[in-house]
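Coordinate inspection notes
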Amino acid sequence: KAVDLTQVTRLILVDTRSPSRIGSLQQLVTDGKVEIYSFDHHPAAPDDVRGAKEVYAHVGAVTTLMVELLKTGEIPISPFEATLLALGIYEDTGNLLFEGTTARDAAAVSYLLEKGANLKLVADFIERPLTKEQKDLLNLLLQAARHYLIKGARVLITSAVIDRFIGGLALLTHKVGEIENLDLIFAIVRMDDRVHIVARGRGKRVAVNEVLREFGGAGHPKAASATVKDGDVQTIIHKILDLLAEMIVPEISAREIMTAPVHSAPSSASMEAAGEMMRLYGHTGLPIVDAEQLVGIISRRDVDKAIKHGLGHAPVTGYMSRAVITVQPEASLGEVEDLMIEHDIGRLPVVNNSRLVGIISRSDVLRSIHGQAIPVNEQILNGRSMVQSKQMFKLLEELPLEIRDLFQVVKVLAQEQGVRVYVVGGLVRDLLQGVNNLDIDLVVEGDGPAFAACLAEKLRIAPQVYPQFATASLRSAEGLRIDVVTARTESYDAPAALPQVAPASLKQDLHRRDFTLNTMAVALAGDDFGVFYDYYGGYRDLLQRQIRVLHNLSFVDDPTRILRAVRFEQRLGFKIEPQTWQLLKGAVAAKHLNLLSRDRLKCELSLTLQEKSAARVIQRLAELGAWEQILPGVAVDDLVPRFEQAVAGIEFLAQLGCHLPIEVWEVRLAMLFANLHADEAEGRLRQLNFERRLIRAVRQFLEIRQTWTGITAGKGELNRSIIHRSVGNAPLQVIAALLATTEFGGPLREYLQAKAQTTVFITGKDLQSMGIPSGPVYRRILSALWDARLLRKVRNREEELALIQTLLKEEIDVY
């Protein structure tokens, strides 16, 4: 108050940028005539003071910033100064233990130790005893403490009114926190004419600096303070309670982290059967349920012991634990955690009116608390990923109209049927990348085929149902491909076998999928519409542009994932994650692709040939040694130019007015066998159970190519007449494949262009009116006319009729 503000030329703010915390000096900021420097580590606020020099960083102690400046400027410091600076860092970071502590704080302490900082002296000051006045105030605060449970958060609010100022309220609040292990602590003390508020918090459910900002305070999300002049303690307490009720993020409930439905067994099941079920699903314990009521639980350890003693035939009822600790679906994560610790159990059944509705494992709790901080592949962040729902809503609104309309139909239908429905996999992945995708995979927590039947009725289309896999497929009039599946788990009796399926939750269903990129889901039903679910780090891998399997036996369970991994790698330009790469190479070395059925291999080959980067995919498979297990002996050296020419051939036919669809993968299939004999190629295709139509087309392509090669090798001319007789009635796939061959593409293009500009005037009706009996002779006569037209031997209808008469007079064997 003694400072003449008119004489101030520079204001240096340390440990704050808030004008409300500098008292009368705030006038200097308002005037705008003073040069301002600031050194701070508190989160930014809208009313922060701006100045000529600003040093800000997210560190635990502002002293760390000072140490870094001293170090950078090579300014010498004495051991005493190093000790003083170390004391500042240890005090502000709780001996480097507060959550806000950073690596920079530790590095600063390390530098100070090099300069001779005395930690014994630091400890003496940090552990200084409380004064008698502070002890008295601490007792008042402990006696006045009141506990609240707000949205699952455990809150302590304490208060006092004293007639004089006592320093160290922050220290006393910290002491209360050491005694009371709670989520939030607020100490509110009126001293003289001011009310001082200190807050401490744990976790991320509310930022205490945001709460105290309502009182003009500031600080960190975990520690903050405020001062209210002439405030009323009880009024402030009530306002804090109202703010907490509004600002606290509700704690995760048991329902959100539990796994459902639960695999269980009846009490009459044998120990051996229970053990087999646990082995099949990878469980270490199994609930025992009779008439939908939980009656006990059996552990894998007890089952193993029983079987070892020859009791595998005995019913589980004689060995199960009957005093089962359970929890209600609405129980908070904190309650679940406390029960597990108190009773030292790793699995907690979730029951509703004695009916088993889910189960929570210790790993579920750890993942919910720590997210990525624990070393597990599976990740759950409150059941939802780092992508905010608002962002997902925006992306959904950018989808094509026909997909948005479909999702609204799904939403209404799901509500009518009381089921949860999600869109998963490729569409979600591509949506996040801004790529269009008309393939829609829906997962139903319920009866998938039944839901698909109702959806098909709404869309007025017919579903194709596969009851053995609890799936169905629909094709809408707008061209959408919709696959509906029941949320399920899969188990494999042997490598490469078809899976055995059982109903499951969304989380379990996503865990059976091939790669994390395909485990992302968006809810399409109820209040969760648009909420993004990412249990296994798919979004993380999408950002890091890597392909990762979910478990180590993934390529053993389903070797087709080898091909899919390489397809994704080439299509998306991603890298296969190192561990996944090692697993993939191991599966190839073990020749697991040889275990696939021919039909599954054919399906994967056709999908590979449909890729834009099909040539690179096949060459990559060849590098891995996988291609030899698919089509051994089929060369892939020059596939890139051949496949590019195949696309060019199809485009050329379209330019000539060919409106019939030509599947590019069928043309590429023919070109794969370009260097094989027709008989060998046909044998390979038959082994893979390809359609006769495709086998005939590939054979025709190879035979024509062989014929033309013979002609040109003998120095003969590949004229239009020869080409016409070869391809006049050939399927378009064959013509496109021939166009893609380097040696014959040019002459064939000239022929096709000439044919497009040529017309034969005589038709079958003309031949019939001339009295020529119908039959194969018509094709031969018309073929002769085309030859003559293409070689320009005839030019009009009259000359064509004359040619026919000549053919008949010369008694050509047209009959």
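Per chain, residue numbering runs from 1 following the sequence as it is written. The predicted origin of the model limits local features to residues at a pLDDT of at least 70 and limits the giving and counting of side-chain atom pairs to 80 or more, whereas totals for whole chains, interfaces and linings rest on all residues. Only hydrogens and water are set aside; all other atoms, that is, all heavy atoms of the structure, feed into the side-chain values.

1. Focus: the overall build of the protein
Counting secondary structure elements, the protein contains 35 helices and 24 strands. C-alpha atoms define the radius of gyration, and 2.2 Å times the number of residues to the power 0.38 defines the globule rule. The C-alpha radius of gyration of the protein comes to 39 Å, more than 25% above the 28 Å expected for a compact globule of 815 residues. By principal-axis analysis of the C-alpha atoms, the protein measures approximately 135 × 80 × 50 Å. The charge count treats Lys and Arg as positive and Asp and Glu as negative. His and the chain ends do not count. Lysine's charge is taken at NZ, arginine's at CZ, aspartate's at CG and glutamate's at CD. Counting 94 positive and 100 negative side-chain charges, the protein places the centres of these two groups 4 Å from one another. Elements are defined by DSSP. Helices are runs of H or I of four residues or more, strands are runs of E of two residues or more, and each kind is numbered from the N terminus.

2. Focus on the packing of aromatic side chains
Two rings belonging to Phe, Tyr or Trp (six-membered ring only in the last case) form a pair when the distance between their centres is within 6.5 Å. Interplanar angles under 30 degrees mark stacking, angles over 60 mark edge-to-face geometry, and anything in between is tilted. Counted under the stated rule, the structure contains 7 aromatic pairs. Consider the rings of Phe515 and Phe568, whose centres lie 5.8 Å apart with planes at 90 degrees: the pair is edge-to-face. With Phe515 in the loop between helix 19 (506–511) and strand 21 (521–523) and Phe568 in helix 22 (residues 560–572), the pair connects residues that are 53 residues apart, well separated along the chain. Each residue is placed in one exposure class: buried if its accessible area under a 1.4 Å probe, protein chains only, is under 20% of its type's maximum, exposed if it is over 50%, and partly exposed if it falls in between. Look at Phe515 and you get buried, because its relative accessible area is 0%. For Phe568, a relative accessible area of 9% gives the class buried. Judged by centre distance (5.5 Å) and plane angle (75 degrees), the rings of Trp708 and Phe744 are edge-to-face. On the criterion of sequence distance, the pair formed by Trp708 in helix 29 (residues 692–713) and Phe744 in the loop between helix 31 (732–739) and helix 32 (745–756) is long-range, its members being 36 residues apart. Judged by its relative accessible area of 2%, Phe744 is buried. Through a chain of ring-to-ring contacts, the aromatic side chains of Tyr422, Tyr533, Tyr535 and Tyr536 assemble into a single cluster.

3. Considering the pairing of strand 6 (residues 184–191)
Taking burial as the measure, the 8 residues of strand 6 include 7 buried ones, the bulk of the element. Sheet topology places strand 5 (residues 153–162) next to strand 6; 8 bridges connect them, and they run parallel. Bridging from a neighbouring strand, Ile157 pairs with Phe186 of strand 6. Orienting the strands away from the viewer, one traces the path from the first strand over the helix to the second; a clockwise path indicates a right-handed crossover. With helix 7 (residues 169–179) bridging strand 5 and the parallel strand 6, this β-α-β connection has right-handed handedness. Sheet analysis places strand 6 next to strand 7 (residues 194–201), joined by 8 bridges and oriented antiparallel. Opposite Val189, over in strand 7, you have His196 as the bridge partner. Strands qualify as paired when DSSP identifies two bridges or more between them. With antiparallel pairing between neighbouring strands as the criterion, strand 6 and strand 7 make up a hairpin whose turn holds 2 residues, including Asp192 at a positive phi of roughly 60 degrees.

4. Overview of the packing of helix 31 against helix 32
Note on method: axes are straight lines fitted to C-alpha atoms, helices fitted across the in-contact stretch only, with angles between N-to-C directions ranging 0 to 180 degrees. One can describe the packing of helix 31 onto helix 32 by two numbers: an axis separation of 8 Å at closest approach and a directional angle of 130 degrees. One way to sum up the angle between helix 31 and helix 32 is to call them oblique. Residues Ile735, Leu738 and Leu739 of helix 31 form the contact with helix 32, whose participating residues are Gly745, Leu748, Arg749 and Leu752. The nonpolar class holds Ala, Val, Leu, Ile, Met, Phe, Trp, Tyr, Cys and Pro. Asp, Glu, Lys and Arg form the charged class, and all remaining residues, Gly among them, are polar. Of the residues in the contact of helix 31 with helix 32, the class split is 5 nonpolar, 1 polar and 1 charged. The scheme is simple: roughly parallel for angles under 35 degrees, roughly antiparallel for over 145, roughly perpendicular for 65 to 115, oblique for anything else. Residue contacts follow a heavy-atom distance rule, with two residues in contact if any of their heavy atoms lie within 4.5 Å.

5. Observations regarding the packing of helix 26 (residues 639–655) against helix 32
Orientation of helix 26 relative to helix 32, taken along the N-to-C sense of each, is 15 degrees, at an axis distance of 11 Å. In this view, helix 26 runs roughly parallel relative to helix 32, as classed from their interaxial angle. Seen from above, helix 26 lies across helix 32 with right-handed handedness. Contact with helix 26, carried on its side by Ala648, Gly649, Phe652 and Leu653, involves Arg749, Leu752 and Gln753 of helix 32 and no other residues of that element. Here the contact of helix 26 with helix 32 is built from residues that sort into 4 nonpolar, 2 polar and 1 charged. What makes a crossing left-handed is the near helix being turned counterclockwise from the far one by less than a right angle; a clockwise turn instead makes it right-handed.

6. What about the side chain of Glu666?
In this fold, Glu666 is placed in helix 27 (residues 664–672). Its relative accessible area of 8% is what places Glu666 among the buried residues. In protein, a polar contact requires one atom able to donate a hydrogen and another able to accept it; more generally it is a pair of N or O atoms within 3.5 Å, and residues adjacent in sequence count only if both atoms are side-chain atoms. Within the local environment of Glu666, its side chain forms a polar contact with the side chain of Gln733, the two groups lying 2.6 Å apart.

7. Section: helix 25 (residues 614–624)
Among all positions of helix 25, only Ala614, Ala615, Val617, Ile618, Leu621 and Leu624 are buried. On the buried face of helix 25, the contacting elements are helix 22, helix 23 (578–589), helix 24 (598–610), helix 26 and helix 27. After helix 25 finishes, the residue Gly625 shows a positive phi value of roughly 90 degrees.

8. Some words on the environment of Ser774
Inspection of the secondary structure assignment puts Ser774 in the loop between helix 33 (764–769) and helix 34 (776–790). A relative accessible area of 65% places Ser774 in the exposed class. Separated by 55 residues in sequence, Ser774 and Asn719 place their C-alpha atoms 29 Å apart.

9. Some thoughts on the sheet that holds strand 9 (residues 223–229)
Strands in a sheet are paired, the pairing made by backbone hydrogen bonds, and the direction either parallel or antiparallel. Reading across from one edge, 4-5-6-7-9-8 is the order of the 6 strands in this open sheet, with mixed pairing throughout. The sheet is open, and its two borders are formed by strand 4 (146–150) and strand 8 (218–219), each paired with just one other strand. In the packing of helix 6 (residues 132–143) onto the sheet, contacts are made with strand 4, strand 5 and strand 6, and the angle to strand 5 comes to roughly 130 degrees.

10. Some details on the sheet that holds strand 16 (residues 464–466)
Spatially, the 7 strands line up as an open sheet ordered 16-17-18-15-14-21-22, and their pairing is mixed. At either end of the open sheet lies a strand with only one pairing partner, and these are strand 16 and strand 22 (532–533). When strand 21 meets strand 22, the two strands line up antiparallel, connected through 2 bridges. For Val522, the partnering residue across the bridge sits in strand 22 and is Phe532. Across the face of the sheet, helix 16 (residues 401–417) comes into contact with strand 14 (420–424), strand 15 (439–445) and strand 18 (481–486) while running at roughly 10 degrees to strand 15. Its contacts with the sheet place helix 18 (residues 448–459) against strand 14, strand 15, strand 16, strand 17 (471–475) and strand 18, and it is angled at close to 150 degrees to strand 18.

11. What to know about the pattern of salt bridges
Any carboxyl oxygen of Asp or Glu within 4 Å of a side-chain nitrogen of Lys or Arg constitutes a salt bridge here. Under the criterion given, the structure shown has 42 salt bridges. Here Arg429 ties to Asp430 by a salt bridge, and the two come within 3.2 Å at their closest N and O atoms. Relative accessible area serves as the criterion here: at 7%, Asp430 is assigned to the buried category. Across the salt bridge formed by Arg686 and Glu682, the nearest N and O atoms sit 2.7 Å from each other. Here Arg686 and its partner Glu682 are both found in helix 28 (residues 678–687), 4 residues apart, which amounts to about one turn of the helix. Residue classification places Glu682 among the buried residues on the basis of a relative accessible area of 17%. Several salt bridges share partner residues, and in doing so they unite Asp679, Glu682, Arg686, Arg699 and Glu703 into one network.

Treat this as a map of the structure, not an account of what it does.
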